[in-house]
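# Examining the three-dimensional arrangement
If you want the building blocks of each chain, they are given just below.
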Amino acid sequence: MTAYALLALIVLGTVLYIYRYEPFSARAEVTDELGGNIFPVTILSTATTEANLIVPADSSYLGNPKSCIAVKVKSTHANSRLHLEVAETPFFSHSVSEFILPKADREYWVFPDIVWNYKALLENEQAMPVSVSVQVWLNGRKLNCRVRTLSVRSVNECLLGYRDSRMKFHDTGDFFAAYVNEDNPNINQILREALDSRIVNRFWGYQSKDPKMVDDQVYALWYVLMKRRFKYSSISNSSLSSNVVFTQRVRTFDDALKSAQINCVDGSALFASLLKAVNINPILIRVPGHMFVGYYTDRQHSHMHFLETSMIGDVNLDDFFPEEKLDSTMAGKSQESISRLMFEKSKEYATRIYNENKERIHSGEVNYMFLEIDKATRAMIQPIGK
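The notes below deal with the structure included here. The shown structure was predicted, so the numbers you read here are calculated from the model rather than taken from an experiment. (Residues numbered from 1 in each chain as written. Predicted model: local features only at pLDDT ≥ 70, side-chain atom pairs only at ≥ 80, totals over all residues. Heavy atoms only, no water.)

## Quick notes on the nonpolar core
Core analysis: the biggest nonpolar cluster contains 109 residues, and W222 and L284 have the highest contact counts within it. Element by element, the count of residues in this core is highest for helix α5 (residues 211-227), at 10 residues. (Core = buried A, V, L, I, M, F, W, Y, C linked by side-chain atoms within 4.5 Å. Buried < 20%, exposed > 50% of the residue type's maximum accessible area, 1.4 Å probe, protein only. Helix = DSSP H or I, 4+ residues; strand = E, 2+ residues; numbered from the N terminus.)

Shown next as structure tokens:
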């Protein structure tokens, strides 16, 4: 009888152990919310802010989702103890994290602390595969967890939006603000050249109440960029092939200056950087397939002007105003008169695009954006630069 009782206790203990700790089924999995991609711009621009623009679809998550790397694991009982160790890669250091999984028999997405190598992220100009290896212990017992290979994208790839695991679309166009870099040290040289043109004798932002004074400052910046002979270069696509994430290739401020090439997005970010640097509040405005820049002409933000910044480059005006045959009238004109004409026509063209799309721009509809580079935006997204 004693032997039967002992056997029964052993069986009962085994059942309870399996029920509580699931030794044969417990496992962990490295996962992410962006289709196997890591975007340096999302990490660099929010590293010092509280912004969380990439939100997991499942509310049962722990840790900081800004890391973009998660471990999916199922708790065995209430208040299960989870220990994670992430191995070093060229983009982050070895890190250790610990969590408590509060509810029993619940699958959690857990975002471990990642010690990023920000310099490596900033210098990554081409997509690079990286193997993410995580060791996982649940209640002191090591779980199986396969190595996952993710793609670290170029710093020039701006995340426009993504579909989460439930296929809900999230618009993340606010990351365009990361490419507006009013802190770039090369701005001082641009401002010096603008002052040397004597169009204005100083940059005073909104200190004057005359909107024309604001426009004169904006034109001085426009004039200098035109003198630098930028070329229009529509490089916007990347090697990314995904129906989960959507991106736009954007040159940084330094890239644009060095190459003297811009497209509508590069030009808008470049010009917005200069406006912000002289305390004129810029706006990035997006419509499907296009972006242009706006700015407030007064401190109260009661009136706006708009610029088609792709016209800074060497473009054919007949592409914008085919009925006016403007290119045939440019011969023999001075640099200043050509620049002034381009500036005024840029405002005219961008204002027309804005008015045609005004309602949708302010509606929050997908592929439309009205993004002020103000204190609220900077509280979420900081500029990136090299």
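## Considering the pattern of salt bridges
Applying the stated criterion across every chain, the model contains 14 salt bridges. The salt bridge partner of D32 is R148, with a shortest N-O separation of 3.2 Å. Within this pair, whereas D32 is found in strand β1 (residues 27-32), its partner R148 is found in strand β13 (residues 148-152), the two being separated by 116 residues in sequence. Assessed through its relative accessible area of 8%, D32 is described here as buried. R148 sits in the partly exposed class, given a relative accessible area of 26%. The salt bridge partner of K212 is D216, with a shortest N-O separation of 3.1 Å. (Salt bridge = Lys/Arg side-chain N within 4 Å of Asp/Glu carboxyl O.)

## Concerning the side chain of N37
Relative to the helices and strands, N37 is located in strand β2 (residues 37-38). Residue N37 is classed as buried on the basis of its relative accessible area, which comes to 5%. A distance of 3.0 Å separates a polar atom in the side chain of N37 from the backbone oxygen of L34. Within the local environment of N37, its side chain forms a polar contact with the backbone oxygen of G35, the two atoms lying 3.1 Å apart. (Polar contact = N/O pair within 3.5 Å; in protein donor to acceptor, adjacent residues only side chain to side chain.)

## Remarks on the sheet that holds strand β21 (residues 304-307)
Spatially, the 4 strands line up as an open sheet ordered β21-β20-β19-β22, and their pairing is antiparallel. Pairing within the sheet leaves two strands with one partner each, and these edge strands are β21 and β22 (369-372). Direction aside, neighbouring strands of the sheet carry axes that sit 25° apart on average. Bridge count for strand β19 (residues 282-287) against strand β20 (residues 290-296) is 6 bridges, and the pairing is antiparallel. (Pairing = 2+ DSSP bridges. Axes fitted to C-alpha atoms, helices over the stretch in contact; angles between N-to-C directions.)

## Structural notes on the packing of α5 against helix α7 (residues 264-277)
Their axes nearest at 11 Å, the elements α5 and α7 cross at an angle of 135°. Here α5 is positioned oblique relative to α7, judged by the angle of their axes. α7 is crossed by α5, and the crossing has right-handed handedness. Every residue of α7 that contacts α5 at V218, L221, W222 and L225 is listed here: L270, F271, L274 and L275. Partitioned by chemical class, the residues of the contact of α5 with α7 number 8 nonpolar, no polar and no charged. (Parallel < 35°, antiparallel > 145°, perpendicular 65-115°, else oblique. Left-handed = near helix turned anticlockwise from the far one by under 90°. Contact = heavy atoms within 4.5 Å. Nonpolar A, V, L, I, M, F, W, Y, C, P; charged D, E, K, R; others polar.)

## Some points on the environment of A269
Structurally, the position occupied by A269 is in helix α7. By relative accessible area, which is 3% here, A269 ends up buried. When the C-alpha atoms of A269 and I283 are compared, they prove to be 9.5 Å apart, with 14 residues separating the residues in sequence.

## Some thoughts on the environment of N357
As for its position among the elements, N357 is in helix α8 (residues 335-361). The class of N357 is buried, set by a relative accessible area of 17%. A distance of 2.8 Å separates a polar side-chain atom of N357 from the backbone oxygen of I353.

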